[in-house]
Amino acid sequence: MSSPLTTVPKLRMSKLDWLASPKVFRTEVLAGLVVALALIPEAISFSIIAGVEPAVGLFASFTMAVVISIVGGRKAMISAATGAMALVIAPLNHEYGLGYLIAAVILGGLIQIVLGALGVAKLMRFVPRSVMVGFVNALAILIFMAQVPEMRDVPWAVYPLIIGGLALMVFFPKITTVIPAPLVSIVILTVITVAAGIAVPNVGDKGELPSSLPVPGLPDVPFTMDTLTTIAPYAFAFALVGLMESLMTAKLVDDITDTHSNKTRESLGQGIANVITGFFGGMGGCAMIGQTMINVKTSGARTRLSTFLSGVFLLVLVVVFGPIVSTIPMAALVAVMILVAMATFDWHSVQPKTLNRMPVGETTVMVVTVICVVATHNLAIGVIVGCITAMVIFAKRVAHIAEVSGVVDPDGNQVVYAVTGELFFASSNDLVYQFNYRDDPDDVVIDLSDAHIWDASSVAALDAIETKYGERGKKVTIIGLNKASAEMHGKLAGSH
């Protein structure tokens, strides 16, 4: 791993990537604008979930995007107020008030910083690809499901507007890609509804937009141990859910852009962004898969500039151009998010050819992850259950790999057992029963040249084998241990 001294200059250079080309600069600016427009109704909706004023979610999205663009580890990823984080802290706000919610956000950010410093990001290497595919597909489903309420009990004009928006975004890129198709769709649909006086739900219906800038301050709570014990459980859950969503999203963007990002820096950045957001009275947040896909996949952004500008544009739009933004029809934003959901879903993973070729265990893990995420609306639960399922299936599969074959010398004085495979708690349980203790000669050799000892259970199994032979007056010699296996065996043998 690179040291901080070697990575900082490289990251500084990457911040200025957008200066290298006017085309890149234009792409980043327009992408930031599209994301800002998509963030507004989402932030207001998540504020409603958390039971706070729209300004609390909007200011959180502004500070999260701006701060993470500077301190985060994944370029072009969008962090803002999210539904998952709102759900975690909503009960705290409903029972104790906004001050406690803000305090929990700050404490949650501090916990994320500590977890980041402890290297929690390294755990991402243990997330199987099948869980990742399930995570992506579940997110696509959730993004689409979030749009369904905007299509229920609405004027009939909403439906042709959504269809028109989708058509614009599909066919406009065939004419030109200079301007992002989602931005064109939003502008055209807004002009049509305003000019024709079409009465459909708009952004203004979601809540009143703030008219002033956020002001930093301390949360309005008593600074006592009682307060700390009250907010700590919520803050810890907030920290874990935020990091998991952010790191999974960062990994997804890595795959899409074919680049690597610093997950440890991202973990620390998420914590710093949440602490600052809390001091500005925001509800906190984490990476947003939908807006990130708009930024990276739909708009083609690749640098920190688009992330930074999405926050800046968001603040300018709601504070300066609030009356204009309020007229944007929700149908236009729903169309954008439906297209994002379709682009996010891994259609290849559900094709008959893929399903027939893929091992049943891999498909099972993907389906379990999707079901858990969609059922709970909690990405963390889905990923954890998916990983546990993958581990159980892997352990079951590997357990059958360990094999024992014995060969008796022609003179009948010695038997050599060759053990092949991985020896751990699942496979070593049956190891004891694969030897002929009664009929074997007095000299028994167990050759582990093609095996590896992974845990204490395996050492205990070998001890049990020696004991069973010893009770019959027979000697056991273990040979062929590799270095790691020899160290574990030498340390634990005879201690069970």
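Here the structure is a predicted model, which means the values were calculated and not measured.

Let's talk about the packing of helix α5 (residues 98–117) against helix α10 (residues 263–279)
- One can describe the packing of α5 onto α10 by two numbers: an axis separation of 7 Å at closest approach and a directional angle of 160°. If you check the angle between α5 and α10, you find them roughly antiparallel. Our pair here, α5 against α10, has a crossing hand that is left-handed. Packed against α5, whose contacting residues are Ile102, Val105, Ile106, Gly109, Leu110, Gln112, Ile113, Gly116 and Ala117, the element α10 presents Thr264, Ser267, Leu268, Gln270, Gly271, Ile272, Asn274, Val275, Gly278 and Phe279 at the interface.
- Looking at side-chain class alone, the contact of α5 with α10 contains 10 nonpolar, 9 polar and no charged residues.

As for the packing of helix α9 (residues 225–257) against α10
- Here α9 crosses α10 at 135°, and the two axes come no closer than 10 Å. On the basis of the axis angle, α9 is oblique to α10. The element α9 and its partner α10 pack so that their crossing is right-handed. For the pair α9 and α10, the contacting residues are Phe238, Leu243, Ser246, Leu247, Ala250, Lys251 and Asp254 in the first and Lys263, Ser267, Gln270 and Asn274 in the second.
- Class assignment of the residues belonging to the contact of α9 with α10 gives a composition of 4 nonpolar, 4 polar and 3 charged.

Things to note about empty space enclosed by the protein
- Under the counting rule described, the total for this entry stands at 1 cavity of 30 Å³ or more.
- Put simply, the largest cavity is a space of about 50 Å³.
- Lining the largest cavity, in full, are Glu150, Val154, Val158, Ile162, Pro201, Met330, Ala331 and Val334.
- Counting only elements with at least two residues in the lining of the largest cavity, the list comes to α7 (158–175) and α14 (330–344).
- Of the residues belonging to the lining of the largest cavity, the class tally is 7 nonpolar, no polar and 1 charged.

A look at the sheet that holds strand β5 (residues 443–453)
- What the 4 strands build is an open sheet, ordered β3-β4-β5-β6; its pairing is mixed. Edge positions in the sheet fall to β3 (403–408) and β6 (475–479), since each has one partner strand and no second. Across the sheet, the axes of successive neighbouring strands diverge by a mean angle of 20°, strand direction being ignored.
- Relative to β6, β5 runs parallel, the two being bridged by 5 bridges.

What counts and how
Residues numbered from 1 in each chain as written. Predicted model: local features only at pLDDT ≥ 70, side-chain atom pairs only at ≥ 80, totals over all residues. Heavy atoms only, no water. Axes fitted to C-alpha atoms, helices over the stretch in contact; angles between N-to-C directions. Helix = DSSP H or I, 4+ residues; strand = E, 2+ residues; numbered from the N terminus. Parallel < 35°, antiparallel > 145°, perpendicular 65-115°, else oblique. Left-handed = near helix turned anticlockwise from the far one by under 90°. Contact = heavy atoms within 4.5 Å. Nonpolar A, V, L, I, M, F, W, Y, C, P; charged D, E, K, R; others polar. 1 Å grid on protein atoms, 1.4 Å probe; cavity = no way out; pocket = protein on both sides within 12 Å on 5 of 7 lines; lining within 4 Å. Points joined across faces, edges and corners; volume = space filled by probe spheres on them. Pairing = 2+ DSSP bridges.

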